[in-house]
Amino acid sequence: MVICIHNSLKLRNFPFINNLISVPLSIVPHKKLCMCRAAAVLSLSFVFFFLGAFGSTGNAQTSFTGFLRHETGVQHTRSQDVLFSRNIIQAVFSSENEDWTIQLTPWLAQRNPSGEAIPAADLRIREAYVGWESFTWQIRAGRQFIPSLSSFADPGSDFFVPYDFSEFLSRDPSDIDLGVNALRVQHYRLNNTFELIAIPVFQPSTLPDIESRWNIIPLDAITGGVGQPVIEESNRDTDRLQFGLRWSNRTWLKWDFNATLYSGYYPQPAFRKEVLYADNTGLPSDIALSQSYVNSTVILLETEYRSNRNWVSGAALTYWSDTPTDTFPVALRSDTTLTLNQLLETIESYNQTAFTRSSGLFQAAFFVQKTLMGTQFRLGYTAQLLENHQKDTLQDFLFQSISLNASRQELNDYLQMLLLGRFNINGRDAWVSPQLTYTVFDGVALSAGSQFFIGTEPDPFYAHLSFAPLRQNSFSYLKLTAYW
């Protein structure tokens, strides 16, 4: 058996995300060693050697931490099929002295897909950076996590860091942050922090295959149900340097203020569409999809207030200069009768725009947090407003959602209870996730929980994320984690 690194993120039927986000592995019988395997071993060996050499000089401190976790999920169906079964190991190698830090975080998951005799494995380097630090400066270069400035930030909505949604919400939240190759410079002055982030290579998030049970793309809506979609190679046009400037102020004990200016790409792809015609009839038969990303500039303003009465509130206002929206002729979404020539002319005019349009996007988010009878509750409201909304735009002019987070600890913090949920007001669909985690003994934790996807089938031209089509994927899970 030989481990060969191959480029499996170019999915069979849809060219999703393949830009240094992860390096999947397949364990397959083979007679010859792969050159890619040798390259990977040499690269990792060099990093380990560098860590060891660095840690042995001066007054450097070297640490080796991590975890080993098994997780299994079972569907809420009559047959109770196993939805996933994974073994995950993550190690953190860190070496630092008074000024310098080197950190390497490899992550390896062994998946046991149902019906497949040979398990598959994914290898990622989540962190691999070198850092320098002084009293007023911190510089990091390499693959790293870039945390949000706000404690109320919605995971998965950040525009600096790519996420792994290939199996949507079935992955542990700690595993979806993929890290990003970036240069990060921070300067501390009095109660202010100034930060520069430069990302030379765009790294989009990993989305599910459209044939996956976790597909979250409203395919029927954005294609109008015209024929069978033909998936083409992605057209990213993502050779532009991305950078961000961030400022945070912590002058007052009760107030926090953050501001971010970002120039780069909107994190969600645009799906460019082209109606294809049958050779024998000349009528529309299929529709070709290609994926691209839109250059955009964003301004984000955040504030957080903590009162003396155990209340915490926060607000965030975001403006994107350009975001992709999907369009579809109004005449083809109703019972309007068209002649053949009118039909062909309408389709041809939309083919010229790829059935897409760019629009500015305003987003407002508000959160409140309060601890009642030992339970911490956090309630959030988010609204998105399209600046350039027209009658043929598939996305709603105003999209609203509500989120809930409740947590409680018992038995001297050995037992942790967590409830997460989101309700999309427009689509009247929801996701609810209760979880219990018990620390069996120091370094070993057992978790059990469920995820429920609720809602009715959306309108055929509803072009937003809906939890309703995922109802059959509702599941319960067990996780056993050992830390060292």
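Residues numbered from 1 in each chain as written. Predicted model: local features only at pLDDT ≥ 70, side-chain atom pairs only at ≥ 80, totals over all residues. Heavy atoms only, no water.

Further remarks concern the overall build of the chain. Helices and strands together make up the secondary structure of the chain, namely three helices and 23 strands. Across the 484 residues that make up the chain, the buried fraction comes to 43%. Considering only intrachain contacts with a sequence separation of at least 6, the fraction spanning at least 24 residues in the chain is 62%. Carbon together with sulfur atoms contributes 59% to the accessible area of the chain, which is approximately 25,100 Å² in total. (Helix = DSSP H or I, 4+ residues; strand = E, 2+ residues; numbered from the N terminus. Buried < 20%, exposed > 50% of the residue type's maximum accessible area, 1.4 Å probe, protein only. Contact = heavy atoms within 4.5 Å. Areas by Shrake-Rupley, 256 points an atom, 1.4 Å probe, with all protein chains shown as cover.)

The next thing to look at is the packing of aromatic side chains. Counted according to the given criterion, the structure contains 26 aromatic pairs. With centroids separated by 5.6 Å and ring planes inclined at 20°, the aromatic side chains of Phe152 and Phe367 adopt a geometry described as stacked. With Phe152 in the loop between β7 (137-144) and β8 (180-189) and Phe367 in strand β17 (residues 356-372), this pair connects stretches of sequence that are 215 residues apart. An identical accessibility class is assigned to Phe152 and Phe367; each is buried. Here a set of aromatic residues connected by ring pairs shows up, and it is made of Phe84, Phe168, Trp214, Phe453, Phe467, Phe475 and Tyr477. (Phe/Tyr/Trp six-rings, centres within 6.5 Å; stacked < 30°, edge-to-face > 60°.)

Residues Glu96, Glu98, Asp99 and Glu133 make up a contiguous surface patch of negative charge. Secondary-structure assignment places Glu133 in strand β6 (residues 120-133). A relative accessible area of 39% means that Glu133 is categorised as partly exposed. (Patch = residues over 30% accessible without salt bridge, like charges linked within 9 Å, V, L, I, M, F, W, Y side chains within 5 Å. Salt bridge = Lys/Arg side-chain N within 4 Å of Asp/Glu carboxyl O. Lys, Arg positive; Asp, Glu negative; His and termini not counted. Charge placed at Lys NZ, Arg CZ, Asp CG, Glu CD.)

This brings us to the pattern of salt bridges. For side chains bearing opposite charge, pairing can occur when the charged atoms are close. This model, assessed by the stated rule, comprises 19 salt bridges. Between Arg246 and Glu195 there is a salt bridge, with its nearest N and O atoms 3.2 Å apart. Of this pair, Arg246 sits in strand β11 (residues 242-249) while Glu195 sits in strand β9 (residues 192-199), placing them 51 residues apart in sequence. Each member of the pair, Arg246 as well as Glu195, is classed as buried. Connected through salt bridges with shared partners, the residues Arg69, Glu71, Arg86, Arg111, Asp122, Arg124, Asp164, Glu167, Arg171 and Asp175 form a single ionic network.

A few words on the pairing of strand β3 (residues 61-75). Sheet analysis places β3 next to strand β4 (residues 82-96), joined by 14 bridges and oriented antiparallel. When the sheet's bridge partners are listed, Ser63 is paired in β4 with Ser94. Hairpin connection, β3 to β4: the antiparallel pair is bridged by six residues, and Gln80 has positive phi, about 50°. Two elements, β3 and strand β23 (residues 475-483), share nine bridges in a ladder whose sense is antiparallel. Bridging from a neighbouring strand, Leu68 pairs with Ala482 of β23. (Pairing = 2+ DSSP bridges.)

Right, let's talk about a nonpolar patch on the surface for a bit. A cluster of nonpolar side chains, Trp311, Val368, Leu372, Met373, Phe377, Leu379, Ile402, Leu404, Leu419 and Phe423, forms an exposed patch at the surface whose accessible area comes to about 900 Å². By the element assignment, Leu372 lies in strand β17. Judged by relative accessible area, which is 43%, Leu372 ranks as partly exposed.

Although it is not a glycine, Phe168 adopts a positive phi angle of roughly 50°. Its location among the elements puts Phe168 in the loop between β7 and β8. For Phe168, a relative accessible area of 7% gives the class buried. Even without a glycine there, the phi angle at Ala354 is positive, about 60°. Tracing the backbone through its elements, the reader meets Ala354 in the loop between α3 (340-351) and β17.

Residues Ile146, Phe159, Phe160 and Trp320 are the most contacted members of the largest nonpolar core, which totals 24 residues. At the level of elements, β8, β9, β15 (295-306), β16 (311-326) and β17 are the ones that each hand at least two residues to this core. Phe271, Leu289, Leu394 and Ala463 belong to the second-largest nonpolar core, a separate cluster that totals 17 residues. (Core = buried A, V, L, I, M, F, W, Y, C linked by side-chain atoms within 4.5 Å.)

Its place among the elements puts Thr260 in strand β12 (residues 255-265). Taking the C-alpha atoms as reference points, Thr260 and Leu196, separated by 64 residues in sequence, lie 10.0 Å from one another. When residues no more than four places from it in sequence are discounted, the contact partners of Thr260 are Leu149, Phe159, Phe160, Leu245, Arg246, Val298, Ile299 and Leu300.

Averaged over all residues, the pLDDT of the chain equals 85, while 85% of them reach at least 70. A low-confidence stretch, residues 1-43 (pLDDT under 50), is modelled with 100 contacts involving residues beyond four sequence positions or located in other chains. (pLDDT = per-residue confidence, 0-100.)

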